[in-house]
Amino acid sequence: RDKLIPVAAARDDDFATLETVCKLGVILTKPLTASALRAGMLKIDTKSGKLSSSTIAAQRELQDNARAQAEALERHRAEFLRPGVMRMFVGMLKGPLEKATKEGDRTIELVLHLIRNLLMPCPLLPTPSGD
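Quick caveat: nothing in here was measured; it's all calculated off a predicted structure.

Which residues make up the overall build of the protein chain, and what values go with them?
Each helix and strand in the protein chain was counted, giving 7 helices and 0 strands. The N-to-C order of helical and strand elements in the protein chain reads α-α-α-α-α-α-α. Radius of gyration (C-alpha) of the protein chain: 19 Å, far over the 14 Å computed for a compact globule of 131 residues. Reported as C-alpha extents along the three principal axes, the dimensions of the protein chain are approximately 65 × 30 × 25 Å. Taken over 131 residues, the protein chain has a buried fraction of 31%. Within the protein chain, counting contacts between residues at least 6 apart in sequence, those at least 24 apart form 72% of the total. Of the roughly 8700 Å² that the protein chain leaves accessible, carbon and sulfur atoms contribute 58%. With 20 positive and 16 negative side-chain charges, the protein chain shows a separation of 5 Å between the mean positions of the two kinds.

Given below as structure tokens:
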């Protein structure tokens, strides 16, 4: 968790390293799947007696796993949103924006995917205002 950004910062003049860290960032900040969101928001019926204790335990485990995934996602996002970090990745756009190439287009798309992932809210976690 704490190793990617220091590697990128130490080698911020090495495009290949920045690109690799950016790709990993896209993967690590990918929004939760629909099934994980459903599991995390699941209302578990513990009072009606309609569900067996094993079913309730399985649903709680799914819910706990989904919430753990959401918390890990937020930790990864926080790493990429530390001051100065995005500057490195946005800096990767300088060349591609000056001269259009297929490889440059892929770089632009990669950085935009990272930005999109970082901006995507996670409905399983409380908002900063506590809503």
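Can you tell me about the environment of Arg-11, naming the residues and giving the values?
Following the sequence through the fold, Arg-11 ends up in the loop between helix H1 (4-10) and helix H2 (15-28). Look at Arg-11 and you get partly exposed, because its relative accessible area is 42%. Separated by 75 residues in the primary sequence, Arg-11 and Met-86 have C-alpha atoms spaced 14 Å apart. Here Arg-11 is in contact with Thr-17 and Leu-18, once residues within four sequence places are set aside.

How would you summarise helix H3 (residues 34-41) if you had to cite specific residues and measurements?
Listed in full, the buried residues belonging to H3 are Ala-36, Ala-39 and Gly-40. Buried positions in H3, seen along its axis, are confined to an arc of 95 degrees and lie on one side of it. On its buried side, H3 packs onto helix H4 (53-80).

Explain a nonpolar patch on the surface to me, and be specific about the residues and the numbers.
On the surface, Leu-24, Ile-27 and Leu-28 cluster together to form a nonpolar patch covering roughly 250 Å² of accessible area. Assignment of secondary structure puts Leu-24 in helix H2.

Outline the environment of Arg-77, supporting the account with residue identities and numerical values.
Inspection of the secondary structure assignment puts Arg-77 in helix H4. When the C-alpha positions of Arg-77 and Gly-25 are compared, they lie 8.3 Å apart, and in sequence the two are 52 residues distant. In this view, Arg-77 contacts Thr-29, Pro-31, Asn-117, Leu-118, Met-120, Pro-121 and Cys-122; residues no more than four positions away in its chain are not counted.

Conventions and cut-offs
- Residues numbered from 1 in each chain as written.
- Predicted model: local features only at pLDDT ≥ 70, side-chain atom pairs only at ≥ 80, totals over all residues.
- Heavy atoms only, no water.
- Helix = DSSP H or I, 4+ residues; strand = E, 2+ residues; numbered from the N terminus.
- Rg over C-alpha atoms; globule rule 2.2 N^0.38 Å.
- Buried < 20%, exposed > 50% of the residue type's maximum accessible area, 1.4 Å probe, protein only.
- Contact = heavy atoms within 4.5 Å.
- Areas by Shrake-Rupley, 256 points an atom, 1.4 Å probe, with all protein chains shown as cover.
- Lys, Arg positive; Asp, Glu negative; His and termini not counted.
- Charge placed at Lys NZ, Arg CZ, Asp CG, Glu CD.
- Arc of directions from axis to C-beta.
- Patch = residues over 30% accessible without salt bridge, like charges linked within 9 Å, V, L, I, M, F, W, Y side chains within 5 Å.
- Salt bridge = Lys/Arg side-chain N within 4 Å of Asp/Glu carboxyl O.

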